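Examination of the molecular architecture
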Amino acid sequence: MLAPLQFSRIRLAWAGFAFLYLAMAYLAAGAKPIVDEIAHYVHINRFDHGDFRIAWDILTVLPGYHALSAVVLWATDQRTLAAARVLNAVYGLLAIGAFHWLRKNAAGKADAAATLQFALLPILFPYDFMVYTDVLSLAFVLAAGAATLGRRDILAGVLMIAALCVRQTNVVWLPLFAWLALSRDEAAAPSLRQVLTRTWPYALGVGLFLVYWMWNGSISLSKEQTMMHPDFSFHIGNLYFTSFLCALLFPLHVRNGFKEFVRNARLHPWLLSVPAIAFGIFWAGFRVDHPFNQADEPWTVHNHLLRFVVSAWWWKAAFGLVAVAAACGLSGTRLHPRSAWMLYPLTFVALASSWMIEHRYALVPLALWQVFRERQNEKIETATTALWAVLAVCACLGTFTGRFSL
């Protein structure tokens, strides 16, 4: 049970968030089109008017987001970019609700504070109000996870198929939810019948993905874009960039965790080889060579940061040290349920398979990690939420006034 004062603080914080959400939605409604919004809105507008042509040279994802948005805009007779952004803000609320549902099933109780923190995730918050596929995709994945832990595997499978129709790369999370379904009863191993009953909805999603892949000939819907988004590739850029982002987003968690790592290393000196090897891999393999990471306009924060990092050896070294320290500091984080450890290898696959270094690729694994991680003391979590609120507002103001984009 929450203490009355703590409960009042959470209610007040949520009221402040509601005001902030409405204010940012209003600000975004009048902003000019931002980067990929143009391509997404063009397809929504076409579908809305009965034109189902697809720009095969530019659209890399399946058009599920565009079709759903077109249906809603047609039904409400609101056919502007501003209306599409408002609709995306509704998707953002659905993602928040799905996170709350999944966190409740994972932790065994409602966690309004954790949900509020997720709602303010700085690399997610601006996209709540932009015509991008990421927020709806995340909402479906989180809802599927919640259904899995709630023993509703068929619903979870359907939601994951919906997630695949928005971003087909979500296929990587199907094994996670299948594993969580198999591991729900930790007291005894499931029988063969239980294995088949629990996993077929997830296997169906994998099967449909494979059918699509064979039919299309590439994971990217646009075959012209396969050179930019190859099916089979291995790159470490997103792994270290995501770890660096975690250092910025969880500085207090990293600090405490790194201290614990050092204490363990004193007892087990072999642990010192882990950061040494990780930094060596970074130094030898970190590259910023994707053409899209060279884009300058609009002023893109992550592209400028990445190019700055590789501009001199000392900046690269500093970036790598921060990324490795963050990974060491967060490596001891406990996950609930314990079977959620499967998130780590699948995150590795998801991030390492993308050549372009992009913060949006970290959204799903970071959101799932927030769901399953054991939270630290109230002071640290409150300070983190306050930091995220400031960063989220800054990101929105910069994005929707045209000064920069993430």
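Being a predicted model, the structure only gives us computed values, none of them experimental.

What counts and what doesn't
- Along each chain, residues carry numbers from 1 onward, in the same order as the chain's sequence is written.
- Local features in a predicted model are, by the rule used here, given only for residues with pLDDT of at least 70; side-chain atom pairs are given and counted only at 80 or more, and totals for whole chains, interfaces and linings are based on all residues.
- To obtain the side-chain values, all non-hydrogen atoms of the structure were used and water was disregarded.
- Helix and strand assignments follow DSSP, with helices taken as H or I runs no shorter than four residues and strands as E runs no shorter than two, numbered in order from the N terminus.
- As a reference, a globule follows 2.2 Å times the number of residues to the power 0.38, and the radius of gyration itself is taken over C-alpha atoms.
- For each residue, the accessible area found with a 1.4 Å probe, counting protein chains only, is set against the maximum for its type, and the residue is called buried under 20%, exposed over 50%, and partly exposed in between.
- Polar contact is the term for a pair of N or O atoms within 3.5 Å; when the atoms are in protein, one must be able to donate a hydrogen and the other to accept it, and sequence-neighboring residues count only if both atoms are side-chain atoms.
- Note on contacts: a residue pair is in contact if any heavy atoms of the two residues lie within 4.5 Å.
- For Phe, Tyr and Trp, rings pair up if their centres lie within 6.5 Å, where Trp contributes its six-membered ring, and each pair is then called stacked (planes under 30 degrees apart), edge-to-face (over 60) or tilted (otherwise).
- Counted as over-ring charges are cases with an Arg CZ or a Lys NZ within 6 Å of the ring centre that also lie within 35 degrees of the ring normal.
- A pairing counts as a salt bridge when a side-chain nitrogen of Lys or Arg comes within 4 Å of a carboxyl oxygen of Asp or Glu.
- As a per-residue measure, pLDDT tells how confident the predictor is, with possible values from 0 to 100.
- Angular values range over 0 to 180 degrees, each being the angle between N-to-C directions of two axes fitted as lines to C-alpha atoms, with helices fitted over their stretch in contact.
- The scheme is simple: roughly parallel for angles under 35 degrees, roughly antiparallel for over 145, roughly perpendicular for 65 to 115, oblique for anything else.
- By definition, any crossing whose near helix is turned counterclockwise from its far helix by less than a right angle is left-handed, and any crossing with a clockwise turn is right-handed.
- Residues are grouped as follows: Ala, Val, Leu, Ile, Met, Phe, Trp, Tyr, Cys and Pro are nonpolar; Asp, Glu, Lys and Arg are charged; every other residue, Gly included, is polar.
- Working definition of a nonpolar core: buried Ala, Val, Leu, Ile, Met, Phe, Trp, Tyr and Cys residues. They are joined through side-chain atoms within 4.5 Å.
- An arc is given here, and it is the one of the directions from the helix axis to the C-beta atoms.

1. Some remarks on the overall build of the chain
Across its full length, the chain holds 17 helices and zero strands. In terms of C-alpha radius of gyration, the chain reaches 21 Å, essentially the compact-globule figure of 22 Å for 406 residues. Principal axes of the C-alpha set define a box for the chain whose edges measure 65 × 55 × 50 Å. When the 406 residues of the chain are sorted by exposure, 50% land in the buried category.

2. So, the side chain of aspartate 134
Tracing the chain through its elements places aspartate 134 in helix α6 (residues 134-149). On the basis of relative accessible area, aspartate 134 is assigned to the buried category, the value being 6%. Reaching out from aspartate 134, the side chain makes a polar contact with the side chain of arginine 360 at a distance of 2.8 Å. Filtering out sequence-adjacent residues up to four positions away, aspartate 134 remains in contact with Arg167, Arg360 and Leu363.

3. Focus on the packing of aromatic side chains
Two aromatic rings are characterised by how far apart their centres lie and by the angle between their planes. Summed over all chains, the structure comprises 28 aromatic pairs. Their ring planes at 40° and their centres at 5.0 Å tell us that phenylalanine 282 and phenylalanine 286 sit as a pair that is tilted. We classify phenylalanine 286 as buried; its relative accessible area is 2%. Across the ring face of phenylalanine 282, the terminal group of lysine 316 is positioned such that the distance to the ring centre comes to 5.8 Å.

4. With respect to the pattern of salt bridges
Across all of its chains, the model carries 11 salt bridges by this definition. Glutamate 358 is the salt-bridge partner of arginine 360, the closest N and O atoms lying 3.1 Å from each other. Each member of the pair, arginine 360 as well as glutamate 358, carries the same accessibility label: buried. Ionic pairing is found between glutamate 381 and arginine 375, a salt bridge with its closest N-O pair at 3.7 Å. Taking relative accessible area as the criterion, glutamate 381 reaches 3% and is therefore assigned buried. Within this structure, Asp134, Arg167, Glu358 and Arg360 form a network of salt bridges that share partners.

5. Considerations on the side chain of histidine 40
Assignment of secondary structure puts histidine 40 in helix α2 (residues 37-48). Beyond its immediate stretch of four places on either side in the chain, histidine 40 contacts Leu59, His66, Val131, Tyr132 and Thr133.

6. Some remarks on the confidence of the model for the chain
For the chain, the mean per-residue pLDDT works out to 93, and 97% of the residues sit at or above 70. The lowest-confidence element of the chain is helix α1 (residues 4-29), averaging 87 in pLDDT; the highest-confidence one is α6, averaging 98.

7. Considerations on the packing of helix α7 (residues 153-166) against helix α9 (residues 192-216)
At their nearest, the axes of α7 and α9 sit 8 Å apart, and the two run at 15° to each other. Our classification of the angle between α7 and α9 gives roughly parallel. The interaxial crossing formed by α7 with α9 has right-handed handedness. From α7, Asp153, Ile154, Ala156, Gly157, Ile161 and Leu164 reach across to α9, where they touch Arg198, Trp200, Pro201, Tyr202, Leu204, Gly205, Leu208 and Phe209. For the contact of α7 with α9, the residue count by class is 10 nonpolar, two polar and two charged.

8. A look at the environment of methionine 227
Mapped onto the elements of the fold, methionine 227 is located in the loop between α9 and α10 (237-249). The spatial distance from the C-alpha of methionine 227 to the C-alpha of tryptophan 355 is 10.0 Å, given a sequence separation of 128 residues.

9. Overview of the nonpolar core
Core analysis: the biggest nonpolar cluster contains 103 residues, and Phe129, Leu142, Trp173, Phe177, Leu368 and Phe372 have the highest contact counts within it. Excluding residues that lie within four positions of it along the chain, phenylalanine 177 makes contacts with Val141, Ala144, Gly145, Thr148, Met160, Tyr202 and Leu368.

10. Some remarks on helix α13 (residues 301-309)
Restricting attention to buried positions, one finds in α13 the residues His302, Asn303, Leu306 and Val309. Take α13 and look down its axis: the buried residues cluster within an arc of 130°, on one side only. Buried residues along α13 sit against α10 and α14 (313-330).

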